[in-house]
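Each chain, letter by letter, is given below.
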Amino acid sequence: LLKEFKKQNVNTAIETSGYCDTEVLKEIADYLDIIHYDIKHMDTDIHKKITGVSNELILKNLKALDSKRKKIIVRIPIIPTYNDSEEHIKSVVDFCSDLKSVEKIELLPYHNLGEYKYKSINREYELSELKTPDKEHMEKLLNIVQDAGIPCEIVEA
């Protein structure tokens, strides 16, 4: 499908966690204009605790995509008490500063809009006590990224 879109000069994009086979990701990157790439946490142990998987493959794949010289937009879902510290944002910035294809970082404030989905399938929504980060905190995180010279914006749901 991506190959056909490119033949038709249709812009293509994906949003990915990057938790997939590296060679497959590199192959489809040839047919993408924009890659939205989630980074949930830089610390491997914390990432595994909150997602169930290590982030090693995810970070490896982001580096592999960087070598393809495609437009990459890193997206960070800002989840209070999990990854909303200034230190964490600085660690993402440090990692991304070494990558040539990261054009922007988007900060996505946590929201509980998906809570109803969990209820509809009789699953517990473990983050129901969390609140959306306030504007002041989000702007502080935004400034950390911008001060490092990386374009950044806050993307509301």
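Anything mentioned here points back to the structure above.
The following refers to the structure shown. (Residues numbered from 1 in each chain as written. Predicted model: local features only at pLDDT ≥ 70, side-chain atom pairs only at ≥ 80, totals over all residues. Heavy atoms only, no water.)

## Points about unusual backbone geometry
The phi dihedral of Arg69 falls on the positive side, at around 55°, and the residue is not glycine. Tracing the backbone shows Arg69 in the loop between helix H4 (56–66) and strand S3 (71–78). You can call Arg69 exposed: its relative accessible area is 54%. The phi dihedral of Thr81 falls on the positive side, at around 75°, and the residue is not glycine. (Helix = DSSP H or I, 4+ residues; strand = E, 2+ residues; numbered from the N terminus. Buried < 20%, exposed > 50% of the residue type's maximum accessible area, 1.4 Å probe, protein only.)

## Things to note about the sheet that holds strand S1 (residues 13–16)
With respect to topology, five strands assemble into an open sheet ordered S1-S2-S3-S4-S5, the strand pairing being parallel. Two strands bound the open sheet, and with one partner strand each, they are S1 and strand S5 (152–154). Each neighbouring strand pair of the sheet contributes to a mean axis angle of 20°, computed without reference to strand direction. In the sheet, strand S4 (residues 102–109) pairs with S5 via three bridges, with the strands oriented parallel. Pairing of Leu107 across the sheet is with Ile154, part of S5. Along the sheet, helix H7 (residues 135–147) makes contact with S3, S4 and S5, crossing S5 at roughly 170°. (Pairing = 2+ DSSP bridges. Axes fitted to C-alpha atoms, helices over the stretch in contact; angles between N-to-C directions. Contact = heavy atoms within 4.5 Å.)

## Notes on the packing of helix H5 (residues 86–97) against H7
Orientation of H5 relative to H7, taken along the N-to-C sense of each, is 30°, at an axis distance of 10 Å. The pairing of H5 with H7 is recorded here as roughly parallel in orientation. When you trace H5 past H7, the crossing you get is right-handed. Here Glu86, Ile89, Lys90 and Val93 of H5 come into contact with H7, specifically with Lys140, Leu141, Ile144 and Val145. In the contact of H5 with H7, the residues fall into five nonpolar, no polar and three charged. (Parallel < 35°, antiparallel > 145°, perpendicular 65-115°, else oblique. Left-handed = near helix turned anticlockwise from the far one by under 90°. Nonpolar A, V, L, I, M, F, W, Y, C, P; charged D, E, K, R; others polar.)

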